[in-house]
Each structure stands twice: as C-alpha cells, then as structure tokens.
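Chains, contacts and geometry: an overview
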Amino acid sequence: MIILKGAEVSAKIRDQVHELLKELDGKIPRLAIVRVGEKPDDLSYERGAIKKITAFGMEARSYAFPEDVDNEEFQKEFRKINEDPEVSGILLLKPLPDRICQEDLDRIIDPSKDLDGISPVNIAKVFAGDGSGFAPCTAEAVVETLKAYEIPIAGKRAVIVGRSMVVGKPLAMLLMKEHATVTVCHTRTVDLPGTCRNGEILVAAAGRAKMIGRDHTGPGAVVIDVGINVGEDGKLCGDVDLEAIEDIGSMATPVPGGVGAVTTAVLARHLALAAVRTKTGSGR
Ligand code: NDP
C-alpha cells in the first residue's frame, strides 16, 4: 500500500502560494488566529498554522481571549479584527464556549476574510459549486491530496464517514463538483462496513480512533484519514487502522503526517488568495 504524504502535497501548495505572493508587490498577508481559552487542541492547531504560514513567507498573529470573556465583549473585539485592513484573513478556533454565540460570528465575519468557510456566504458557494469563496480547509485538503497524487475522482464511488459542517458535508459537495458519486455515512448508517467497502475512495472523518479496519475497506480502495484522536496507548492516531488494511487498500494517508499538514497549507493558500482578491478585486 502506498502511503500518501501530507508534506509532499503541502510542498506543491507552497509553490502556488509563492506565485500568488508575487502579485502583491511585497505586501505580506497577515492571518489573525482568534482563540478563546487555552484548549490543548486549539494551541496545537494554532502552533501548526503559525509555523506553516510563516514558513510560506506570510505573517500570523494570535488574538487570544480568556475562557470567561463575555459574548458582547468578544463580539466587539472580533469586529475590530474583522475590520482591520492589515488583517487579510481570519481563522476562528472552534468550538467556542457556550456563552459565545457562534452563529452571530459566522454572520459577522467578512466572507472575503473567512479563510475556513464558516460564513453563510461561503457555505452557500461551496454548496453551489462556486469556487470564488473559501471552503473549510480540511474538506479542501482531502480533495487537494487526491489531486496532488493524481488519483482520479470523476466517476468514482466516494464514501465519507462523518457529516459535520467542517468536514463531511462540504467535502461531499467538493467531491461532487469533481464528479464523484458520493455517499455520506453517520451514526445511523445501517451496515457501515458494507457501505464503506463499496467506496473506491473512502474518507474517514468520524473522530473515532482506528474505527475503520479490514471490514470497511474494499480491495484497492484509496483511504483518506481525517481523524485526529488519542489512541488507547496515549499516542496520536487517526480513524483508520492502517496496519489492518495494509494488504487491502491501494493507498492511504497516515496520522500524523497526512491530511493535517495539508489543511494548514490550504489555510495558507486561502490567506494568500484573500490578499490577492482584495488587491485585484477579483473572485478567482
Ligand atoms: P464531529 O464530531 O463534528 O462529526 C463526526 C461525524 O462522524 C458525525 O457526523 C458523526 O455522526 C460521525 N460518526 C461518529 N462516530 C461514528 C460512527 N461510529 N459511525 C459512523 N459515523 C460516526 O467531528 P468533525 O467533523 O469536527 O471531525 C472529525 C474528525 O476529524 C475528528 O477526529 C477531528 O479531530 C478531525 N479533524 C481533523 C482536521 C484536520 O485538519 N486533519 C480538522 C478538523 C477535524 P452523527 O452526525 O450521526 O453524530
């Protein structure tokens, strides 16, 4: 089985970012990472994003707020960041504490700075197959990985495990745009293993450590693992049991070192694109 490496996909995206930056006449796009509290997952994602954005020649700043910040105060500060002309793009780390109204922020964020596709405008564009907005970075990273390795998508049966708004649903739309025949599974899916086995492309995005094994994998399947979990041994692992499917699947992404690295690279490309679109007034 061939292991699809996120670093290789990320390197291709880095070259695209460098091309985009040439259009900015030396202006360096700035990412604002907005975080409430100190959750280890958020801190880890923030570190990865800052490292990638900086490595790609751009700037990333963290705007951190205390866990007990009130909704009104947070919205006021969020609006300031949103309106700051020096900020080209925003990444809001989620989930937020219950006290903060997520829906309000989804509506407040300027769609042209909404790099992770949370605003209704960008979601509508993803569902309409209109590429002029920003799709959620992780969903786009899955398609990017398939394309970087020249894995055919058109006409293929793609099965996604997970139907969240950040991964499963937008990914279904992006794969349909590429002409795949898509099935989306969730906790009420009857015969999950049988449904998954039918996938020529199988994407695991359930958030359940190593739940996808031999029973779920069809012969020759390309398996993309989006999951980030802590396994029974305390180590980071994906939703796929790679060892179990080694002699069944044709290709698979590892965790760590797979889709996660591509997600931050896609975020970086979105940042560069946001800056170019602002400069040129274009929607490409
Ligand atoms: P959610 O918890 O929001 O959604 C999980 C989805 O998986 C739900 O639709 C749920 O079904 C489904 N699901 C859960 N368990 C099962 C099961 N046993 N059988 C079938 N379906 C199941 O998670 P996210 O979409 O936010 O994230 C999914 C995973 O991806 C997580 O591990 C997360 O850490 C990771 N992730 C990775 C990123 C990256 O950059 N690589 C970025 C974002 C997330 P139902 O709707 O019925 O509850």
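Attention in this report is confined to the structure presented alongside it.

About the criteria used
- Every residue gets a number counted from 1 within its own chain, in the order that chain's sequence is written.
- Given that the model is predicted, a residue must reach a pLDDT of at least 70 before its local features are reported, and side-chain atom pairs must reach 80 or more before they are shown or counted; all residues, however, enter totals for whole chains, interfaces and linings.
- Side-chain figures throughout are based on the complete set of non-hydrogen atoms in the structure, without hydrogens or water.
- Patch members must show over 30% relative accessible area and no salt bridge, and they are joined within 9 Å when carrying like charges or within 5 Å when they are nonpolar side chains of Val, Leu, Ile, Met, Phe, Trp or Tyr.
- Areas reported here follow the Shrake-Rupley algorithm with a probe of radius 1.4 Å; residue values treat only the protein chains shown as occluding.
- The working definition used for a salt bridge is a side-chain nitrogen of Lys or Arg within 4 Å of a carboxyl oxygen of Asp or Glu.
- We count Lys and Arg on the positive side and Asp and Glu on the negative side, and we leave His and both chain ends out.
- We put the charge of a Lys on NZ, of an Arg on CZ, of an Asp on CG and of a Glu on CD.
- Strands here are runs of E lasting at least two residues and helices are runs of H or I lasting at least four, both read from the DSSP assignment and numbered beginning at the N terminus.
- As defined here, a cavity is a set of points on a 1 Å grid over the protein atoms alone where a 1.4 Å probe fits but cannot get out. A pocket is an open set with protein on both sides within 12 Å along at least five of seven lines, and residues line them when an atom is within 4 Å of a point.
- Grid points are joined across faces, edges and corners, and a volume is the space filled by probe spheres set on the points.
- Throughout, the ten residues Ala, Val, Leu, Ile, Met, Phe, Trp, Tyr, Cys and Pro are labelled nonpolar, Asp, Glu, Lys and Arg are labelled charged, and all others, Gly among them, are labelled polar.
- It suffices for a single heavy atom of a residue to lie within 4 Å of a molecule or strand for the residue to be listed as near it.
- Under the rule applied, a polar contact is a pair of N or O atoms within 3.5 Å (in protein, one hydrogen donor and one hydrogen acceptor; residues adjacent in sequence only if both atoms are side-chain atoms).
- Burial here depends on accessible area, computed with a 1.4 Å probe over protein chains only, as a share of the maximum for the residue type. Under 20% is buried, over 50% is exposed, and the range in between is partly exposed.
- We call a pair of cysteine sulfur atoms a disulfide when they lie within 2.5 Å.
- Strand pairing requires that DSSP identify at least two bridges connecting the strands.

1. Concerning a negative patch on the surface
Together, E67, D68, D70 and E72 make up a region of like negative charge exposed at the surface. Along the chain, the position of D70 falls in the loop between β3 (59-65) and α3 (71-83).

2. Re empty space enclosed by the protein
Under the definition given, this model contains 1 cavity of 30 Å³ or more. Space inside the largest cavity adds up to approximately 40 Å³. Surrounding the largest cavity, G117, I123, V126, F127, P136, M165 and P170 form its lining. If you tally residues by element for the lining of the largest cavity, the top one is helix α5 (residues 120-128), at 3 residues. Counted by class, the lining of the largest cavity contains 6 nonpolar, 1 polar and no charged residues.

3. Some remarks on the site of the ligand
In the vicinity of the ligand, 21 residues are found, and the nearest of them are T138, R163, S164, T187 and I228. Between R208 and the ligand, the recorded distance is 3.3 Å, taken from a side-chain N or O atom to a nitrogen atom. Between the ligand and the protein, one listed contact pairs an oxygen atom with a backbone N or O atom of I228 at 3.0 Å. For the ligand, whose free accessible area comes to 930 Å², the fraction covered by protein is 70%.

4. Structural notes on a nonpolar patch on the surface
There is a patch of nonpolar side chains on the surface, built from I228, V230 and L236 and spanning about 320 Å² of accessible area. Among the residues examined, I228 registers a relative accessible area of 61% and is labelled exposed.

5. Considering the state of the cysteines
Evaluated as defined, the whole model comprises 0 disulfides. Counting only cysteine sulfurs, C196 is the nearest neighbor of C185, a cysteine outside any disulfide, at a range of 4.8 Å. Judged by relative accessible area, C185 falls into the buried class, the value being 1%. For C196, a relative accessible area of 1% gives the class buried.

6. Description of the sheet that holds strand β7 (residues 201-204)
Overall, parallel pairing links the 6 strands, which are arranged β1-β11-β8-β7-β5-β6 in an open sheet. The open sheet has two free edges, formed respectively by β1 (2-3) and β6 (181-185), since each of these has just one partner strand. In this sheet, strand β11 (residues 251-252) lies alongside β1 in parallel orientation, the contact comprising 2 bridges. For I2, the partnering residue across the bridge sits in β11 and is M251.

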